[in-house]
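The primary structure of each chain is shown beneath.
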Amino acid sequence: MSVLDLARPEIRAMQPYSSARMEASGGKVMLNANESAWAPPGDHGLGCNRYPDPQPRELTDALASLYGVRPEQVLVGRGSDEAIDLLVRAFCRAGEDAIAIQPPTFGMYAVCARVQNAGIVEVPLAADFSLDAVALLAAVTPAVKLVFVCTPNNPTGQLVSPETIERLAIALKGRALLVVDEAYIEFADAVSVASLINRYDNLAVLRTLSKAWALAGARIGTLLANEEVITLLRRVMAPYPLPRPCIALALEALSSTGQAEVRVHLATVREQRERMASALAVLPGVREVLPSQANFLAVRFDDAGAVYQRLLEAGIVVRDVRRYPGLGDALRITIGNVEENDRVLTVLKRPAQDGRHVADGLASGERA
Ligand code: PMP
């Protein structure tokens, strides 16, 4: 059985759109795509009057080498958000198929499923936020076509071990595509499971340049999977998903100087995460700092709502995750630069007062 047997048959059967750039490129005079012959103002040599290559080889080569896979196993999209959406659209028939997730987890899996009118099978994480592989496998009915596993998990920060991932891939063979979301893996003391796609055709891995690579604004995310899955998703994807300026930014980040710069920031984030975890854990009103392998900390407070408000009044915005199951008393705090982290600690070290007094008590210039 091929993994494609899990996909929507109508997607496999349809004739995909063939864009002008896919049919022909590289001529001296390009009059096949109804483009302008003139570069736009502010083009700076990017050539934005021309459609971009749908999957520029230079970029897929650079990402394949970064992630340790072959270029044919790479699909680059507008953030990994786009890859999640493409997977759900290509594998789940509306009103019939489903995805499986483990709440509390990243919200987009469920949103994409709802947009597609696919079902959502929820297998909650255990009380310590570890993944319950036995319960997950038991919940995978024939309707479940995609199983999303987020590691490190957003918003809890915990890792799922590569051994568990492999066990799931084996158990799900012929039943579902296992999609491992490694958006935060660069911050973790763990290696990616990307190379396992060569062993398991029902395994796919999501990576992104939005986090460790500081390119959230350029929207570059990658799906690593077997070539047949990549080819299938390209049938569903928009013809020219990657804007030329974003391709250029990604290539610059992936150059050797870009990589060196990123490594410095990565080390700082990891260092600051440990510093913040220790400093927050001893503050009054803090119940628990969940151990995190990502660039954020989920922190339980006696009164998370009041803390959120106090931070907000000091100009600091964190993520209120109290609506997530099991996190009714928690906030998610992204690790910033040293100065930003200091500001969080300064506000939280002050004795709790009502919001007005906290705001009034700020030193001048402390409001962001
Ligand atoms: N996966 C996870 C777990 C995330 O937290 C995010 C962003 N918050 C994404 C995927 C999407 O990232 P992007 O689309 O920027 O690549």
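Definitions and limits used
Residues numbered from 1 in each chain as written. Predicted model: local features only at pLDDT ≥ 70, side-chain atom pairs only at ≥ 80, totals over all residues. Heavy atoms only, no water. Helix = DSSP H or I, 4+ residues; strand = E, 2+ residues; numbered from the N terminus. Buried < 20%, exposed > 50% of the residue type's maximum accessible area, 1.4 Å probe, protein only. Areas by Shrake-Rupley, 256 points an atom, 1.4 Å probe, with all protein chains shown as cover. Near = heavy atom within 4 Å. Polar contact = N/O pair within 3.5 Å; in protein donor to acceptor, adjacent residues only side chain to side chain. Nonpolar A, V, L, I, M, F, W, Y, C, P; charged D, E, K, R; others polar. 1 Å grid on protein atoms, 1.4 Å probe; cavity = no way out; pocket = protein on both sides within 12 Å on 5 of 7 lines; lining within 4 Å. Points joined across faces, edges and corners; volume = space filled by probe spheres on them. Pairing = 2+ DSSP bridges. Phe/Tyr/Trp six-rings, centres within 6.5 Å; stacked < 30°, edge-to-face > 60°. Domains from an automatic or database assignment. Buried area = accessible area lost by both parts, 1.4 Å probe. Salt bridge = Lys/Arg side-chain N within 4 Å of Asp/Glu carboxyl O.

(A) Representation of the overall build of the protein in the model. Broken down by element type, the protein carries 13 helices and 11 strands. Counting only residues that meet the buried cut, the protein has 52% of its 368 residues in that class. As displayed, the protein offers around 16,800 Å² of accessible surface, 54% of which is attributable to carbon and sulfur atoms.

(B) View of the site of the ligand. Taken together, the neighbourhood of the ligand is formed by 13 residues, with Ser80, Asp181, Tyr184, Thr208 and Ser210 sitting nearest. Asparagine 154 is positioned with one of its side-chain polar atoms (N or O) 2.8 Å from an oxygen atom of the ligand. Taken by itself the ligand offers 400 Å² of open surface, and the protein chains cover 91% of this. For the shell around the ligand, the element with the most residues is helix α4 (residues 79–91), which contributes 3 residues. Split by residue class, the shell around the ligand holds 4 nonpolar, 5 polar and 4 charged.

(C) Quick look at empty space enclosed by the protein. Summed over all chains, the structure comprises 1 cavity of 30 Å³ or more. Empty space within the largest cavity amounts to approximately 50 Å³. Here the residues of the lining of the largest cavity are counted per class, giving 7 nonpolar, 1 polar and 1 charged.

(D) Structural detail: the pairing of strand β6 (residues 203–208). Most of β6 sits out of view: 6 of its 6 residues are buried. Of the two faces of β6, the one carrying Leu203, Val205 and Arg207 and the one carrying Ala204, Leu206 and Thr208 are both buried. Judged from the 4 bridges that link them, β6 and strand β7 (residues 221–224) form a sheet pairing that is antiparallel. Bridging from a neighbouring strand, arginine 207 pairs with threonine 222 of β7.

(E) Broad picture of the packing of aromatic side chains. If you walk through the whole model with that rule in mind, you get 4 aromatic pairs. Ring centres of phenylalanine 106 and tyrosine 109 lie 5.5 Å apart, and the angle between their planes is 85 degrees; this geometry places the pair in the edge-to-face category. The partly exposed category is assigned to phenylalanine 106, whose relative accessible area is 24%. By relative accessible area, which is 0% here, tyrosine 109 ends up buried. The interplanar angle of 85 degrees and the centroid separation of 5.1 Å between the aromatic rings of tyrosine 184 and phenylalanine 296 together place this pair among those described as edge-to-face. With tyrosine 184 in the loop between β5 (177–181) and β6 and phenylalanine 296 in strand β9 (residues 296–301), the pair connects residues that are 112 residues apart, well separated along the chain. For the pair shown, tyrosine 184 and phenylalanine 296 are each scored as buried.

(F) Layout of the domain arrangement of the protein. In terms of domain boundaries, the protein breaks down into domain 1 (3–19 + 54–254) and domain 2 (258–363). Computed over C-alpha atoms, the centres of domain 1 and domain 2 are 29 Å apart. With both chains or domains summed, domain 1 and domain 2 bury close to 1,900 Å², and 60% of this area falls on carbon and sulfur atoms. For the domain 1 face of the interface with domain 2, the top three residues by lost area are Phe129, Pro155 and Phe187, together amounting to 32%. Applying the counting criterion to the domain 1 and domain 2 interface returns 1 salt bridge. There are 10 residue pairs in polar contact (both at pLDDT 80 or more) connecting domain 1 and domain 2. Class assignment of the residues belonging to the side of domain 1 that touches domain 2 gives a composition of 14 nonpolar, 6 polar and 3 charged.

(G) A look at the layout of surface pockets. Its volume calculated, the largest pocket comes out at about 900 Å³. Lining the largest pocket are 40 residues, and of these Ser210, Lys211, Ala212, Ala214 and Ala216 lie nearest its centre. Those elements giving two or more residues to the lining of the largest pocket turn out to be α4, α9 (244–254), α10 (256–281) and β11 (330–334). A per-element tally of the lining of the largest pocket places α10 first, with 7 residues. Residues that form the lining of the largest pocket fall into these classes: 19 nonpolar, 13 polar and 8 charged. Two domains share the lining of the largest pocket, each providing at least three of its residues, namely domain 1 (3–19 + 54–254) and domain 2 (258–363).

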